[in-house]
Amino acid sequence: MGLLTDLRSSISRATSSLFAGSEPKRIGIYGPPNAGKTTLANRIARDWTGDAVGPESHVPHETRRARRKENVEIKRNGKSVTIDVVDTPGVTTKVDYKEFLEHDIEEEDAVRRSREATEGVAEAMHWLREDVDGVIYVLDATEDPFTQVNTMLVGIIESQDLPVLIFANKIDLEEASVQRVSNAFPQHETVPLSALEGDNMDEVYDTIAEHFG
Amino acid sequence: MPHQCTGCGERFEDGSKEMLSGCPECGGNKFQFRPQGADFPAEPEPPAADDPPEESSVAETVGRATTRVRDFVAGDEPDPNAAWPDEPDGAAGDDGDDGEIIDADARRETTGDAEDPAQANARSGLAGPEDVPDHGRSTTNEDDATAGEPAADDPAADSPTDDPPAADDDDRVVSEPSDDDPDLAELREQLNDQFESIKIVEPGQYELNLMELYDREEYIIALQENGRYVIQVPDQWIGADVDDR
């Protein structure tokens, strides 16, 4: 319910701005499907607020609506930075219900998921245009980062002059290659991590505080 | 790429700004996409004749913003017959309930045998990067006449008398071999040109043009199973009295 969420967020933002000096920066977690965006969002939210953002799954397009965790206060080196974390649906140029059939999902449900995933991509792109102040771009370090989607999205983010961090996720897997990711986007800082295992999260938070604080 | 207001039947060509700010006739924000070559029904009866009374009164008295919120909240289950004009030629006679609605999916299901093979080919084929321009989709379709599908863009096409020529076109195209048809590439290119934000390859299969999705001020918040979609119209397009964000 994006519209209602927007309503709620407008109110809460207006309210919070009455009591706080400045609004938290809204950081969008973007990337292709199954890169670990929700796992990362949950890791950040759990580490600093105790809550989760949304369900994680091996099934692609599990996140089909943008979800937000507000007022995540990250404390680093005596300072604190407060951000709103927005977990977005995986961005892709093609959605096919047959992808879901491989995960033992009935066809009717798969078609519905496919439609919702498509709506999710539209929503994610809309958020990118209007509603984020910075981007964490999450990539599965075991996958080839040189894809049309990645190039296009990072290009859009750059054209918006949004601060962006590249997160090379899933470094707990043997076939992960952080170097390949940083080679793909040498103009941006690449941070290796495993959101699932919690590897290298100190550097993750340091970098977030530095870039988005 | 014509669109038709589901509320009053008003038609809009691709890129129409009137449509993007809500239907100027009835204020509705639901539009049905009608592919090239699809017959537009004649001008519908006044919406009040088909609408549930409460719906039209809400739309008129509360205004566009409320309509939009209501449509969004209830958008998952639109009444397909609520505000849709009658189909004059009665061509889709297989289903009494859906007979009045022609959309991309339904057309393929009900008239699949008669579909232009070239069009089917183009529909299922993948658009390479070179086929999909990134910016500035043309809103005019002057070349359509060469592809044998002039009816939808013809200003006179909303007359029911245009149905017979459209049927003639179908007959002609179907009778020609498809693979070697010199018009195939042209037709495919035209279809690709019409591919804006989201292309429904078939139910459950979508192709997305990320640049288009990003470039649009409005965004598609709900795709309906029957090929309809709901867009969220930016506040500034509606008026300063609306504040629902």
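You'll find the structure just up there.
Residues numbered from 1 in each chain as written. Chains lettered and ligands numbered in written order. Predicted model: local features only at pLDDT ≥ 70, side-chain atom pairs only at ≥ 80, totals over all residues. Heavy atoms only, no water.

Asker: When you look at the pairing of strand S5 (residues 134-140) of chain A in this model, what are you seeing that I'm missing?
Answerer: Residue and element names in this part refer to chain A. S5 sits mainly inside the fold: seven of its seven residues count as buried. The two faces of S5 match: Gly134, Ile136, Val138 and Asp140 on one face and Val135, Tyr137 and Leu139 on the other face are all buried. Examined bridge by bridge, strand S1 (residues 25-30) and S5 share four bridges and lie parallel to one another. Counterpart to Gly28 in the pairing with S5 is Val135. Taken together, the six bridges between S5 and strand S6 (residues 164-169) define a ladder with parallel strand orientation. (Buried < 20%, exposed > 50% of the residue type's maximum accessible area, 1.4 Å probe, protein only. Helix = DSSP H or I, 4+ residues; strand = E, 2+ residues; numbered from the N terminus. Pairing = 2+ DSSP bridges.)

Asker: Which parts of the structure should I look at to understand the sheet that holds strand S4 (residues 94-96) of chain A?
Answerer: Sheet strands line up and pair through hydrogen bonds in the backbone, either parallel or antiparallel. Strand order in the open sheet formed by three strands is S4(A)-S5(B)-S4(B), and the pairing between neighbours is antiparallel. The sheet is open, and its two edges are formed by S4 of chain A together with strand S4 (198-202) of chain B, each paired on a single side. Taken over all neighbouring pairs, the strand axes of this sheet differ in orientation by 15° on average, direction set aside. By the bridge criterion, three bridges tie S4(A) to strand S5 (residues 205-208) of chain B in an arrangement that is antiparallel. (Axes fitted to C-alpha atoms, helices over the stretch in contact; angles between N-to-C directions.)

Asker: Which parts of the structure should I look at to understand the packing of aromatic side chains?
Answerer: To describe a pair of aromatic rings, one takes the distance between the centres and the angle between the planes. All names here are of chain A. What the rule picks out here adds up to one aromatic pair over all chains. When the centroid spacing of 5.2 Å and the interplanar angle of 85° are considered together, the rings of Trp48 and Tyr205 count as edge-to-face. Here Tyr205 lies in helix H7 (residues 201-212) and Trp48 lies in helix H2 (residues 37-48), a separation of 157 residues in the sequence. We note Arg113 situated over the ring of Phe100; from NZ or CZ to the ring centre the distance is 6.0 Å. (Phe/Tyr/Trp six-rings, centres within 6.5 Å; stacked < 30°, edge-to-face > 60°. Lys NZ or Arg CZ within 6 Å of the ring centre and 35° of its normal.)

Asker: What's the story with the pattern of salt bridges in this structure? I'm lost.
Answerer: Opposite charge on two side chains makes pairing possible when the charged atoms of those side chains draw close. Residue and element names in this part refer to chain A. The full count for this structure, using the stated rule, is 15 salt bridges over all chains. For Arg113, the salt bridge goes to Asp109, with nearest N and O atoms at 3.8 Å. Within this pair, Arg113 and its partner Asp109 are both found in helix H4 (residues 107-130), separated by four residues, close to a single helical turn. In this structure Asp109 comes out as partly exposed when scored by relative accessible area, which is 25%. In this structure, Arg112 engages Glu116 in a salt bridge whose closest nitrogen and oxygen atoms are separated by 3.0 Å. (Salt bridge = Lys/Arg side-chain N within 4 Å of Asp/Glu carboxyl O.)

Asker: Can you walk me through the side chain of A:His188 in this structure?
Answerer: Residues and elements named next belong to chain A. Here His188 is to be found in the loop between helix H6 (178-184) and strand S7 (190-192). Note on His188: relative accessible area 16%, which makes it buried. Discounting residues that sit within four places of it in the chain, His188 has contacts with Val154, Glu158, Val164 and Ile166. (Contact = heavy atoms within 4.5 Å.)

Asker: What am I meant to see in the nonpolar core here?
Answerer: Nonpolar side chains tend toward joint burial in soluble globular proteins. The biggest cluster of nonpolar side chains holds 38 residues, and the ones touching the most others in it are A:Tyr30, A:Val91, A:Met125, A:Leu128, A:Val135, A:Tyr137 and B:Leu210. Secondary-structure elements contributing two or more residues to this core are H4, S5, helix H5 (148-159), S6 and H6 of chain A together with S5 and helix H9 (210-215) of chain B. Beyond its immediate stretch of four places on either side in the chain, B:Leu210 contacts A:Val91, A:Thr92, A:Thr93, A:Val121, A:Met125, A:Val149 and A:Met152. Of all hydrophobic cores here, the second largest spans 26 residues; its members include A:Ala35, A:Ala45, A:Val81 and A:Val204. (Core = buried A, V, L, I, M, F, W, Y, C linked by side-chain atoms within 4.5 Å.)

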